[in-house]
Amino acid sequence: MSSVSDLTASKAWFHKARLGAFIHWGLYALPGGMWEGTSVPYLAEWLQSARRIPNAEYSLLAERFNPQTFDADAIVKGFSDAGMRYLVFTAKHHEGFAMWRSRVSSFNSYDATPAHRDFVAEWSRACQKHGVKLGLYYSHCLDWHEADGGDPRPCENNFGMSWGNDWDFPDQQNKNFDRYFETKVLPQLTELLSNYGEVAVLWLDCPMTVVTPRHARCILDLVHILQPNCLVNSRLCMLETLGDYGSLGDNQLPAGTTADDFPREAIITLNDSWGYKSTDHNWKSPAQVRQITLDALQSGANLLVNFGPDGDGRLTPESWAILHDLMEWQDAVGEALHSGGQSPFPQDLGWARAVADDRRLWLFPGESAPDTAVLAGVEGELQSATGTHAARIGQDTWRLDGLQALAKTQSPLRLEFTEPPRYDACPRIQNGRMRLLPAQAKLIHGEPNALAMLTDAPLGAAGEKLVGNGHSVLADNGALCDWHNPAEHCVWHIRLESGRYRLRLVTRNGAHSQPWRGDRTVEVTIGDCRLTAEIVATERLDDSHYYRAAVTDLGEIPIVHGGEFDLTIRTIHIASPDAATMQLERLELQRS
Ligand code: GLC
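From a predicted model like this one, the values you see are computed outputs, not experimental measurements.

## Description of helix H7 (residues 177-194)
Consideration 1: Helix length check: H7, at 18 residues, gives a terminal C-alpha distance of 24 Å against a target of 26 Å (1.5 Å per residue), a fit within 8%.
Consideration 2: For H7, the set of buried residues is Phe177, Tyr180, Phe181, Lys184, Val185, Leu186, Gln188, Leu189, Glu191, Leu192 and Leu193.
Consideration 3: Against strand S4 (86-92), helix H6 (119-130), strand S5 (133-138), strand S6 (201-204) and helix H8 (213-226) lie the buried residues of H7.
Consideration 4: In this structure Asn176 caps H7, since a side-chain oxygen of it lies 3.2 Å from the backbone nitrogen of Asp178.

## Description of the site of the ligand
Consideration 1: Taken together, the neighbourhood of the ligand is formed by 14 residues, with His24, Glu45, Trp46, His93 and Asp250 sitting nearest.
Consideration 2: One of the side-chain nitrogen or oxygen atoms of Glu45 is found 2.6 Å away from an oxygen atom of the ligand.
Consideration 3: Between an oxygen atom of the ligand and a side-chain N or O atom of Tyr137, the distance comes to 3.4 Å.
Consideration 4: Within the complex, the protein chains bury 100% of what would otherwise be the 310 Å² of accessible surface of the ligand.
Consideration 5: Partitioning the shell around the ligand into residue classes produces seven nonpolar, three polar and four charged.

## Some details on the packing of H7 against H8
Axis angle and axis distance: for two packed helices, these are the angle between their axes and the distance between the axes, and together they describe the pair.
Consideration 1: Two numbers describe how H7 lies on H8: the axes approach to 10 Å, and their chain directions differ by 20°. By the angle between their directions, the pair H7 and H8 is classed as roughly parallel. Of the two possible hands of crossing, H7 and H8 adopt the one that is right-handed. Residue-level contacts link Phe177, Asp178, Phe181, Glu182, Val185, Leu186, Leu189, Thr190, Leu193 and Ser194 of H7 to Arg214, His215, Cys218, Ile219, Leu222, Val223 and Leu226 of H8.

## Remarks on the confidence of the model for the protein chain
It should be kept in mind that the predicted coordinates are not to be read in detail where pLDDT is low.
Consideration 1: Summarising the model, the protein chain shows a mean pLDDT of 90, and 88% of its residues fall at 70 or more.
Consideration 2: Every residue in residues 451-468 is under pLDDT 50, and counting partners more than four places away or in other chains gives 48 contacts.

## Quick notes on the side chain of Arg428
Consideration 1: When you line up the elements, Arg428 lands in the loop between strand S19 (422-423) and strand S20 (433-436).
Consideration 2: Side chain to side chain, Arg428 and Asp424 meet in a polar contact 2.9 Å long.
Consideration 3: Once you skip the residues sitting within four places of it in the chain, Arg428 turns out to touch Gln347, Ala376, Gly377, Asp396, Arg433, Met434 and Arg495.

## Notes on the packing of aromatic side chains
Consideration 1: The final tally for this structure, using the stated rule, is 26 aromatic pairs.
Consideration 2: Considering the side-chain rings of Phe70 and Trp123, the 5.1 Å spacing of their centres and the 65° angle between planes classify their relative orientation as edge-to-face. With Phe70 in the loop between helix H4 (60-64) and helix H5 (72-81) and Trp123 in helix H6, this residue pair connects regions lying 53 residues apart in the sequence.
Consideration 3: Aromatic side chains Trp144 and Trp167 sit 6.4 Å apart centroid to centroid with 55° between the ring planes, which places their arrangement in the tilted category. Here Trp144, found in the loop between S5 and H7, pairs with Trp167, found in the loop between S5 and H7; they are 23 residues apart in sequence, far enough to count as distant.
Consideration 4: With relative accessibility at 0%, the residue Trp144 sits in the buried group.
Consideration 5: When its relative accessible area of 15% is taken as the criterion, Trp167 is described as buried.
Consideration 6: One aromatic cluster is present, built from ring pairs that chain together Trp25, Phe65, Phe70, Phe89, Phe97, Phe107, Phe119 and Trp123.
Consideration 7: A cation sits over an aromatic face here: Arg101 above Tyr110, 3.9 Å from the ring centre.
Consideration 8: Its end group placed over the ring of Trp13, Lys133 keeps NZ or CZ at 5.2 Å from the ring centre.

## Focus on the sheet that holds strand S12 (residues 360-365)
Consideration 1: One open sheet accounts for four strands, arranged S11-S12-S18-S15; its pairing is antiparallel. Strand pairing shows two members of the sheet lacking a second neighbour, strand S11 (352-356) and strand S15 (382-386), which therefore form its edges. Within this sheet the neighbouring strands show an average axis-to-axis angle of 15°, counted without direction.
Consideration 2: Running over the sheet, helix H10 (residues 317-337) touches S11, S12 and strand S18 (413-417) and is turned about 135° from S12.

## A look at the sheet that holds strand S27 (residues 529-534)
Consideration 1: On the basis of which strands lie adjacent, the open sheet formed by five strands has the order S21-S24-S30-S26-S27 and antiparallel pairing. Both edges of this open sheet fall to strand S21 (442-444) and S27, since each of them pairs with a single strand only. Across this sheet, the average inter-strand angle for adjacent strands is 25°, counted without regard to direction.

## Here's the deal with the pairing of strand S30 (residues 563-574)
Consideration 1: Across eight bridges, the pairing between strand S24 (residues 489-496) and S30 is antiparallel. Opposite Ile494, over in S30, you have Phe565 as the bridge partner.
Consideration 2: Bridge count for strand S26 (residues 520-526) against S30 is seven bridges, and the pairing is antiparallel. Each bridged residue has a counterpart across the sheet, and for Glu523 the counterpart in S30 is Arg570.

What counts as what
- Residues numbered from 1 in each chain as written.
- Predicted model: local features only at pLDDT ≥ 70, side-chain atom pairs only at ≥ 80, totals over all residues.
- Heavy atoms only, no water.
- Helix = DSSP H or I, 4+ residues; strand = E, 2+ residues; numbered from the N terminus.
- Expected span 1.5 Å × (residues − 1).
- Buried < 20%, exposed > 50% of the residue type's maximum accessible area, 1.4 Å probe, protein only.
- Contact = heavy atoms within 4.5 Å.
- Polar contact = N/O pair within 3.5 Å; in protein donor to acceptor, adjacent residues only side chain to side chain.
- Near = heavy atom within 4 Å.
- Areas by Shrake-Rupley, 256 points an atom, 1.4 Å probe, with all protein chains shown as cover.
- Nonpolar A, V, L, I, M, F, W, Y, C, P; charged D, E, K, R; others polar.
- Axes fitted to C-alpha atoms, helices over the stretch in contact; angles between N-to-C directions.
- Parallel < 35°, antiparallel > 145°, perpendicular 65-115°, else oblique.
- Left-handed = near helix turned anticlockwise from the far one by under 90°.
- pLDDT = per-residue confidence, 0-100.
- Phe/Tyr/Trp six-rings, centres within 6.5 Å; stacked < 30°, edge-to-face > 60°.
- Lys NZ or Arg CZ within 6 Å of the ring centre and 35° of its normal.
- Pairing = 2+ DSSP bridges.

Here you go:
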């Protein structure tokens, strides 16, 4: 029987913490993605699998691992100054190397290296000193060092790499995952949860279909006994939704809103690899990281920003530049960042990111914001306005000015009301536009069909995918994922004035690192008006190799008499099963 913990307080802490650091650091940091003179094509921490390096050879890296410049104290101080309230450190990644003094396996940073250091202890001490909570990542399924480590087959969709070690241990029949689980996973987790003080988060990864709900419950029981306040992420098990909060897919951006009892966490790389990769120069700019932080903030999700220290234990200069930028930004963003709030609006404002707590509303105008904007749907007695002049121009409508200056410094304006204001629950045009998210729509399911079944298997290394049983489902990122069932539709109840409206649709790949695929016809109705359109990428949104997005111009709809309407969108034809994994991210209306 599972022990039950009351995690309300932990979830409340987590929700307010909002920003954290992810640290991918292990033996793979030494080669930094390079092996025998060439660079690994994928993630640097996957080097051993990508190059099928025998354990006998890979283990030699340990003999060279002596990161003398590693200084947990300086790094954690940097995190803390940058507004980060927790970190998650890869205590053991898929390579199987323990970054602490483990009595369970000598393949660890104390016994197998000239450094003789326990890095979990070093992070833990630095965390306590700087008021940052400690989280630990542990690869509970994949372990290439062990003959019995998880070895799910087939290995497709993973760039031809093998999930499990089938180069040293090709005989899959004789692999006994239970043995690995009993003799390494549970004993090592026991060490981690017993010897390093408070562990606020246990971050598990890549459960595949190997980790059964029984295994997952064993881990949960252990956590509840040893660290009753510790939160476990949702990558615990793919076969059943377990865990205390939802992990989004790698580099998947959150939208929509977050429930108090099931927090969400987005994770981003700063270049395209988690582990240090010397040849990857595709760094995000500090401004991009700020934007992503605000996206997470307004959708109520946490954000873990990843750092991959090199083999000497140093963060790259680009990572420090981003940290320094976050530090400088704290004066402007800090109050909203840790308010525990999220957007109170039933739509995405588009021109600004919004965060509200009880009586305060912060708006962060974006680069394309006009200097003066009209904000609709907020009714209340204004006590003060900071950073803007706010003039009431209707019962629940305000004119706000000075927005461009705020956009330049990514500072918010703040409206404080004498009592909690009332936010209109019906989306309406804001500043000439309306941006609607599936997370804010009613999803009407149809019968599962043959095409729907095609995508029914859980996908994705991370186990981030929900299993829809033939239905499209709302992904943790707030998008409609596996948008594959022509019989179902999204409905938003909206308010529109008369006029002509141009519709644009944003869709994104459901599986990461794939080319963008459209191939479908959709139908949109607003009241009695109907419009069908082919989804064709007329404008690419970004070039990230993760979740590629595209914008489709659907055409125009005239609204003769203004009022309240049901706006629906459904797929009426999918040409290729490939398009079935598409995600519906948002629908935009713009007054022509
Ligand atoms: C993927 C990768 C893994 C990385 C993780 C971070 O699951 O397999 O290397 O640690 O993403 O989310």
